[in-house]
Amino acid sequence: IIPLSSGGEDYLVSVYSNGYGVVYRTYDYFFNLENLIYFKKQAVYDMHVLGNDIYLALSNGQMVIFNLSKKTSRVVNVFDSPVVKIEKSPSGIFFLTLKSGLLMKGSSLQSSFERVKTPNGDFMFGSSKVRSLDFDQRGIIYLLNDKGAYISNDGGDTFNLLKTIPLQEEKINIFEYNNGNIYVISGRRMYVSANNGKDWKITDLQNE
């Protein structure tokens, strides 16, 4: 589910059921749904809106553009692994998380994409699977993979491990940036940093 307008009543919804992946649009807080486009035996994993165009990441690795006004569509990119997340940085660069765990970046969703070398990985033997990716308003990248939480100040060229998190367990369940804060959840504890990972406030949770 992604918003299609700033008002809050207009949304796009991707659903997979009975062998069909369908994208719906609602104008009225989900009271009514308009069928925009469907794909047989393919799900839409993520969507990105640019003006009147909607980019759809399909489970077969295709990137499809759908025009809301003309109701037309075409394939504009194909990837070896399905795109599960589309992210646009404040600098305008697109980052794609693939189902295989690879991270790709490109200037537009119709351009060629290059692989980002993620932490504790190399191009010959593979890299640790990317689990989440986020940005702050300055374009700093926050990344979580199987090896830990990392930060990049140079657009993904290099990543540094966040060693300051006072974790009691090695596993990190959630790692997100939102509204000036970094949030980390590990087991039954939440760690929050308001100064880019230097200091952390710890909150105990009732459940994992």
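Up top you'll find the structure we're talking about.
Just so it is clear, the structure is predicted and the values come from calculations on it, not from any experiment.

Any chance you could explain the sheet that holds strand β14 (residues 141-145) here in plain terms?
By definition, the strands of a sheet pair up through backbone hydrogen bonds, in either a parallel or an antiparallel sense. Taken in spatial order, the 4 strands make up an open sheet running β13-β14-β15-β16, and their pairing is antiparallel. Two strands bound the open sheet, and with one partner strand each, they are β13 (130-135) and β16 (160-161). When strand β15 (residues 148-152) meets β16, the two strands line up antiparallel, connected through 2 bridges. Across the sheet, Ile151 pairs through a bridge with Asn160, a residue of β16.

Just to check I follow, could you spell out the nonpolar core for this structure?
Within soluble globular proteins, side chains that are nonpolar generally end up buried alongside one another. Ranked by internal contacts, the top residues of the largest apolar core, which has 15 residues, are Met47, Ile54 and Leu56. With residues up to four places along the chain from it excluded, the contact list for Ile54 reads Leu12, Leu36, Met47, His48, Val49, Val64, Ile65, Phe66 and Leu68.

What is the right way to read the sheet that holds strand β12 (residues 114-116) from this model?
Read across the open sheet, the 4 strands follow the order β9-β10-β11-β12; overall the sheet is antiparallel. Because the sheet does not close on itself, it has two edges, and the strands there are β9 (83-88) and β12. In this sheet, adjacent strand axes meet at a mean angle of 30 degrees when their direction is disregarded. One ladder, built from 4 bridges, connects strand β10 (residues 94-98) with strand β11 (residues 103-106); its direction is antiparallel.

Could you clarify how one ought to interpret the environment of Met190 in this entry?
Mapped onto the elements, Met190 comes out in strand β19 (residues 189-193). Separated by 47 residues in the primary sequence, Met190 and Leu143 place their C-alpha atoms 17 Å from one another. Not counting the four nearest positions on each side in its chain, Met190 is found in contact with Tyr183, Val184, Ile185, Lys201, Ile202, Thr203 and Leu205.

About the cut-offs
- Residues numbered from 1 in each chain as written.
- Predicted model: local features only at pLDDT ≥ 70, side-chain atom pairs only at ≥ 80, totals over all residues.
- Heavy atoms only, no water.
- Pairing = 2+ DSSP bridges.
- Helix = DSSP H or I, 4+ residues; strand = E, 2+ residues; numbered from the N terminus.
- Core = buried A, V, L, I, M, F, W, Y, C linked by side-chain atoms within 4.5 Å.
- Buried < 20%, exposed > 50% of the residue type's maximum accessible area, 1.4 Å probe, protein only.
- Contact = heavy atoms within 4.5 Å.
- Axes fitted to C-alpha atoms, helices over the stretch in contact; angles between N-to-C directions.

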